[in-house]
Amino acid sequence: MSQMINYYSSFDEWGRLEREPLEFTVNCHYIKSHLPEKGHILDIGAGPGKYAIELAKSGYDITLADITPKLVESAREKVREYGLERQFQGFDVADARNLQLYADEQFDASLMLGPLYHLQQEEDRVSATQELHRVTKSGCLVFVAFMPRMRHVATSLLYPQHWKPNDTIEGLTEFMCTGIFNHSDEGRFTGAYYFPIEEIEPFMEAHGFEQVKLIGSGSIAGLMKPEHWQYWRDQGESAFQSIMQIVMDAADSPYILGTSSHLLYIGKKV
């Protein structure tokens, strides 16, 4: 885990979500539309706190946790900057695989928007999912991020030099079999695990969750560049909002899941 901590200690994750707002916008839309009107939410793997802050603005109480100490401090600073300190119950350095800081069924909903695709060993993914189940109240919702394997295969085919060792037949074939990716170039994207889409629902079900929805966070617009967005903005605010509604609705279609770089699983603890 030290490699991941080092990577995120220097990487601007807040800036990534600013530069690539679609994922954040789609996820927030579906998270907010499924949450209860109020409650105490755990955001484990919260990074710099962008999702947590957005939910705090809507009046939710938040406990924020991440394995990277620098990100937890960055989140604390951002919360102070936005004047939302009263909404936050804690800023914790915690490992998703061991949430002993928290009691059984402590939270009214839980977010885990990162840890599962950074845990390359199955036993670690199982531990994190079991802990998510333990700390969330029965009948309440969890929101979990996954990265689909086929989209990364497609990205590797398009940009092989950016995703070594998937720039070789051997590397790509191994990745397709294992879903495990470790970048050959020093300092590039940290090691990750990419799920086969068809395995997400049974994996979560095996650990006590019932699927409500599986969302393509990139929807049908994941490949749009700034100039494409600008075209639709230039049509006027009403037209642009209509485009965004099309994008939001399409994110719910199972037919686009493999085209999205991130997926949002919404599940209920049973």
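Scroll up to find the structure this text is about.
Described in the following lines is the structure provided in the data block. Not measured: the values here are computed from a predicted model.

## Some details on the sheet that holds strand S9 (residues 263–269)
Now for step 1: Taken in spatial order, the seven strands of this open sheet run S3-S2-S1-S4-S5-S9-S8, and their pairing is mixed. Looking at which strands have only one partner, the edges of the open sheet turn out to be strand S3 (88–93) and strand S8 (209–216). Within this sheet the neighbouring strands show an average axis-to-axis angle of 15 degrees, counted without direction.
Now for step 2: The sheet contact formed by strand S1 (residues 40–44) and strand S4 (residues 107–112) spans three bridges and is parallel. Bridge pairing in S4 places Leu42 opposite Ser110.
Now for step 3: On top of the sheet, helix H5 (residues 69–82) reaches strand S2 (61–66) and S3; it is set at about 160 degrees to S3, its chief contact.

## Focus on the pattern of salt bridges
Now for step 1: Applying the stated criterion across every chain yields a total of ten salt bridges.
Now for step 2: Linking Arg76 and Glu73 is a salt bridge whose minimum nitrogen-to-oxygen distance equals 3.6 Å. With Arg76 and Glu73 both in helix H5, this residue pair falls three residues apart, about one helical turn.
Now for step 3: Overall, Arg76 belongs to the partly exposed group, its relative accessible area being 29%.
Now for step 4: What makes Glu73 partly exposed here is its relative accessible area of 38%.
Now for step 5: Note that Asp95 and Arg97 form a salt bridge whose closest N and O atoms lie 2.6 Å from each other.
Now for step 6: Via salt bridges that share partners, Lys32, Glu54 and Lys57 belong to a single interconnected network.

## Brief notes about the nonpolar core
Within soluble globular proteins, side chains that are nonpolar tend to cluster in buried spots.
Now for step 1: Of all hydrophobic cores here, the largest spans 50 residues; its most connected members are Ile31, Phe88 and Phe143.
Now for step 2: The leading source of residues in this core is helix H3 (residues 21–34), at six residues.
Now for step 3: With sequence-adjacent residues up to four places away left out, Phe88 is seen in contact with Ala52, Ile53, Ala56, Ile62, Leu64 and Val79.
Now for step 4: In this structure, Ala94, Phe107, Val135 and Phe203 belong to the second largest nonpolar core, which totals 28 residues.

## Some remarks on the pairing of S1
Now for step 1: Extensive coverage of S1 is indicated by the burial of five of its five residues.
Now for step 2: Residue alternation in S1 divides its side chains into two sets, His40, Leu42 and Ile44 and Ile41 and Asp43, and both sets are buried.
Now for step 3: One ladder, built from five bridges, connects S1 with S2; its direction is parallel. If you follow Leu42 over to S2, its bridge partner there is Thr63.
Now for step 4: At this point the chain moves from S1, through helix H4 (residues 50–57), to the parallel S2, and the crossover so formed is right-handed.

## Quick look at the packing of H3 against helix H12 (residues 237–250)
How two helices pack is summed up by the angle between their axes together with the distance between the axes.
Now for step 1: As a packed pair, H3 and H12 sit with axes 10 Å apart at the nearest point and diverge in direction by 70 degrees. Classified by the interaxial angle, the pair formed by H3 and H12 is roughly perpendicular. On H12, the residues touching Leu22, Thr25, Val26, His29 and Tyr30 of H3 are Met244, Val247, Met248 and Asp249.
Now for step 2: Taken together, the residues of the contact of H3 with H12 break down into six nonpolar, two polar and one charged.

## Some remarks on H3
Helical geometry: 3.6 residues make up each α-helical turn, so side chains three or four residues apart lie on a common side.
Now for step 1: The terminal C-alpha atoms of H3, which comprises 14 residues, lie 20 Å apart, in line with the 20 Å expected from a rise of 1.5 Å per residue.
Now for step 2: Listed in full, the buried residues belonging to H3 are Leu22, Glu23, Phe24, Val26, Asn27, Cys28, Tyr30 and Ile31.

## So, the packing of aromatic side chains
Now for step 1: Taken as a whole, this structure holds twelve aromatic pairs when the rule is applied.
Now for step 2: On the basis of an interplanar angle of 90 degrees and a centroid distance of 4.9 Å, the ring pair of Phe146 and Phe195 is categorised as edge-to-face. Taken as a pair, Phe146 in strand S5 (residues 136–146) and Phe195 in the loop between strand S7 (192–193) and helix H10 (197–206) lie far apart in primary sequence, 49 residues in all. Here Phe146 and Phe195 have matching classes, each one buried.
Now for step 3: Relative to Tyr194, the ring of Phe175 lies with its centre 5.3 Å away and its plane at 80 degrees, an arrangement referred to as edge-to-face. With Phe175 in helix H9 (residues 169–178) and Tyr194 in the loop between S7 and H10, this pair connects stretches of sequence that are 19 residues apart.

Rules used throughout
Residues numbered from 1 in each chain as written. Predicted model: local features only at pLDDT ≥ 70, side-chain atom pairs only at ≥ 80, totals over all residues. Heavy atoms only, no water. Pairing = 2+ DSSP bridges. Helix = DSSP H or I, 4+ residues; strand = E, 2+ residues; numbered from the N terminus. Axes fitted to C-alpha atoms, helices over the stretch in contact; angles between N-to-C directions. Contact = heavy atoms within 4.5 Å. Salt bridge = Lys/Arg side-chain N within 4 Å of Asp/Glu carboxyl O. Buried < 20%, exposed > 50% of the residue type's maximum accessible area, 1.4 Å probe, protein only. Core = buried A, V, L, I, M, F, W, Y, C linked by side-chain atoms within 4.5 Å. Right-handed = clockwise from strand over helix to strand, strands pointing away. Parallel < 35°, antiparallel > 145°, perpendicular 65-115°, else oblique. Nonpolar A, V, L, I, M, F, W, Y, C, P; charged D, E, K, R; others polar. Expected span 1.5 Å × (residues − 1). Phe/Tyr/Trp six-rings, centres within 6.5 Å; stacked < 30°, edge-to-face > 60°.

Purely geometric stuff here, so don't read any function into it on its own.
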